Amino acid sequence: MPKRKRAQRPASELEEDYADNSDSSYHETSRAKVVQKTRKARKKGRENDGSTEVNSISRHPVSMHVINDVEPMRIALLEWYDRVHDARKMPWRKKFDPSLDVEGRAQRAYEVWISEIMLQQTQVATVIPYYNKWIAKFPTIRDLAASDIETVNSLWKGLGYYSRAARLLSGAQKAVKELHGRLPDNAKDMEAKIPGVGRYSAGAISSIAYNQCVPVLDGNVHRLLSRFTALHAQPKSKRTLDVLWAGAESFIKQSKRPGDINQALIELGSTVCTVRDPVCSDCPLRTWCKAYQRTQATTSHMGAVEADIEELCLVCDPIPSDEDNGSVTIYPMKAERKKPREELDSVNVIEWRSKNSRDRWFLLVRRPQGGLLAGLHEFPTLPNLSGAKASASNMADIPYTLLQELLMHPPSSHSDKEPSKKLANSNSSYDVAKVIQVMSAGDVVHVFSHIKKTYRVQWVLLEGNELPQLRPTVSIEQGARENGSQAKNSKGKQKVSEVSEVELNAIQQTLSAQWVPLAKVEDTNIGTGVLKVWKLVEKLWVTTQ
């Protein structure tokens, strides 16, 4: 038997929980490892409660997870899909039109691309109005490429996972600049050349818009095929994903309607083969579904076979009997969720008031165009504080540190006795705004997919005759150099506070700030967490009046 190639470790996907760039081969495992794994599984089953034994399904041949004779399955699946494909009124869902020319297919690829990125981690009903507004504003990829992050984020506001919007913009700009204004017409190039497009998205776009026979595997299809093949294995392991990608490929291989098959699998997983309450009686694939077969009395011991040890499945983990509820929901195996890391940020709602009028302005900083909350505005923030840096006394110093980086003429620290009003290298004077008060507003907890943020909120009130002038967009290093002469003690040695010495590197590497009037703060492109901060400070004003 020829030796199989060792599969490469998959590259991580930007957008998919279950996406994977692997091929569909199994790893070879020695006989000793098989025996060792089986013994460990049996021991684990016995130790659950002292008496529980591992379900007999734990021993089965690898062929149990291979999908063969797929044609009758495809016929049943497509007949079902043709009846339900328009039930949820998705504006991006259209039948493949073979008469479209190159530009027509590229336009379809653009529409599918937008919908697929919006649908990541987001429900269909939520996406539909956002998609309609987006297409009205950016009907073509060239219209999107000509836009900017502010406009894009304004349309995306409330949809979450804002880095998706930034990647759509950068992808469109790259397509216009380098690819003649069209998305690639094949999955391989699409995945390689378009930011934020992984294996799943490339497969969906290429099959739907270009009729390419390439598979898809999102969370819905992952769950569906795990049940269809009775695969009880670590959901995100490479070997599990290899099996499921191979199963997905079986459905579309040499098909005349690969896009419809992929959409049918996604729709079936989303509406019928659901997480908690699957409706097996409505499933067009239940005849061939191995998980469904296990629920039937006549086949309750399906899989209890003594397969040759060379043919044993090495992917599945045993199903403990006390966890086997007799339902298809035993599949897929429940993943161990990683606890999100916890971080504490100092968020400073900096307000300026005029001495001579009722004007109220607030300082907002735009985040970098990459990463978390890309391109959105937030109140000046010092992230990821811990220990003594999160003490009340240290928090009181943070606004001064931030203002030094953001304002051309920042207020002096509260520790300075004689703040200078004279500008360096100038014969004129400037009325430097004064910090009237720094008041704690409390904490806001905001959970992202991988981070649990606690925003420790302060309201910082400045007062002066003129709206403080902001620095142009500068790097932190440049700002530090310009302020160096202000931070020396009487002996000429550098005097740096604990905050500015340790935390300046944590502030965004470029600062793009603006003053926003009170009435316009909520209309600015801010995320949900920042809106929570704003509401907390508004509540503080009510209680302190």
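### Topic: the overall build of the protein
Okay, step 1: What the protein contains, in helices and strands, is 17 helices and eight strands.
Okay, step 2: When burial is assessed residue by residue, the protein has 48% of its 545 residues classed as buried.
Okay, step 3: The long-range share in the protein, meaning contacts at least 24 apart out of those at least 6 apart in sequence, stands at 72%.
Okay, step 4: Carbon and sulfur atoms form 49% of the exposed surface of the protein, whose accessible area is close to 28,000 Å².

### Regarding helix H7 (residues 163-178)
Okay, step 1: The first and last C-alpha atoms of H7 sit 22 Å apart over 16 residues, in line with the 22 Å expected at 1.5 Å per residue.
Okay, step 2: Every buried residue belonging to H7 is among Arg164, Ala165, Ala166, Arg167, Leu168, Leu169, Gly171, Ala172 and Ala175, and all of these are buried.
Okay, step 3: If you follow the buried residues of H7, they end up packed against helix H3 (102-119), helix H4 (124-137), helix H5 (141-145) and helix H6 (149-156).
Okay, step 4: Among the residues trailing H7, His180 stands out with phi positive, at a value near 60°.

### Considering the environment of Leu462
Okay, step 1: By secondary structure assignment, the location of Leu462 is in strand E6 (residues 451-464).
Okay, step 2: Its relative accessible area of 0% is what places Leu462 among the buried residues.
Okay, step 3: For the pair Leu462 and Ser354, spaced 108 residues apart in sequence, the C-alpha separation works out to 8.7 Å.
Okay, step 4: Dropping the residues within four chain positions of it, Leu462 is found in contact with Ile350, Glu351, Trp352, Arg353, Leu403, Leu407, Pro411, Ala433, Lys434, Val435, Ile436 and Trp515.

### As for the pairing of strand E2 (residues 360-366)
Okay, step 1: Across three bridges, the pairing between strand E1 (residues 341-354) and E2 is antiparallel. Following the sheet pairing, Glu351 is matched in E2 by Phe362.
Okay, step 2: Connecting E1 to the next strand, E2, in antiparallel fashion are five residues.
Okay, step 3: Two strands pair when backbone bridges link them, and E2 and strand E3 (residues 377-378) are joined in this way by two bridges, in the antiparallel orientation. What sits directly across from Arg366, in E3, is His377.

### Observations concerning the environment of Leu402
Okay, step 1: Turning to its location among the elements, Leu402 is positioned in helix H14 (residues 392-406).
Okay, step 2: For Leu402, a relative accessible area of 3% translates into the label buried.
Okay, step 3: The sequence separation of Leu402 and Thr381 amounts to 21 residues, and the corresponding C-alpha distance is 7.9 Å.

### Regarding the nonpolar core
Okay, step 1: Counting residues in each nonpolar core, the largest one holds 70 residues, and the members touching the most others are Trp113, Trp134 and Leu144.
Okay, step 2: The greatest single-element share of this core, amounting to eight residues, is contributed by H3.
Okay, step 3: Setting aside chain neighbours within four positions, we find Trp113 in contact with Ile141, Leu144, Arg167, Leu168, Gly171, Ala172, Leu183, Ile194, Val197 and Ile205.
Okay, step 4: Core analysis: the next-biggest nonpolar cluster, separate from the first, contains 44 residues, Met64, Ile67, Ala291 and Val328 among them.

### Looking at the packing of aromatic side chains
Okay, step 1: Taken as a whole and judged by the stated rule, the model has ten aromatic pairs.
Okay, step 2: Centroid distance Trp459 to Trp541: 6.0 Å. Interplanar angle 70°. Geometry classified as edge-to-face. Separated by 82 residues along the polypeptide, Trp459 in strand E6 and Trp541 in helix H17 (residues 528-544) bring together distant segments of the chain. A single burial state applies to Trp459 and to Trp541, both of which are buried.
Okay, step 3: Seen in terms of ring centroids, Trp534 and Trp541 are 5.5 Å apart; in terms of plane orientation they differ by 90°. Their pairing is edge-to-face. Both residues of the pair, Trp534 and Trp541, count as buried.
Okay, step 4: The ring of Tyr130 has Lys133 sitting right over it, with the charged end atom 4.9 Å from the ring centre.
Okay, step 5: A cation over an aromatic ring shows up here: Arg360 above the ring of Trp541, its NZ or CZ 4.5 Å from the ring centre.

### Considerations on unusual backbone geometry
Okay, step 1: That bond from Tyr331 to Pro332 is cis: its omega, -10°, falls within 30 degrees of zero.
Okay, step 2: Among the structural elements, Pro332 can be located in the loop between helix H13 (290-295) and E1.
Okay, step 3: The backbone of Ala230 shows a phi angle near 50°, a positive value even though the residue is not glycine.
Okay, step 4: By secondary structure assignment, the location of Ala230 is in the loop between helix H10 (219-228) and helix H11 (238-252).
Okay, step 5: Overall, Ala230 belongs to the buried group, its relative accessible area being 2%.
Okay, step 6: Here Gln254, not a glycine, exhibits a phi torsion of approximately 60°, which is positive.
Okay, step 7: Positionally, Gln254 belongs in the loop between H11 and helix H12 (258-271).

About the cut-offs
Residues numbered from 1 in each chain as written. Predicted model: local features only at pLDDT ≥ 70, side-chain atom pairs only at ≥ 80, totals over all residues. Heavy atoms only, no water. Helix = DSSP H or I, 4+ residues; strand = E, 2+ residues; numbered from the N terminus. Buried < 20%, exposed > 50% of the residue type's maximum accessible area, 1.4 Å probe, protein only. Contact = heavy atoms within 4.5 Å. Areas by Shrake-Rupley, 256 points an atom, 1.4 Å probe, with all protein chains shown as cover. Expected span 1.5 Å × (residues − 1). Pairing = 2+ DSSP bridges. Core = buried A, V, L, I, M, F, W, Y, C linked by side-chain atoms within 4.5 Å. Phe/Tyr/Trp six-rings, centres within 6.5 Å; stacked < 30°, edge-to-face > 60°. Lys NZ or Arg CZ within 6 Å of the ring centre and 35° of its normal.

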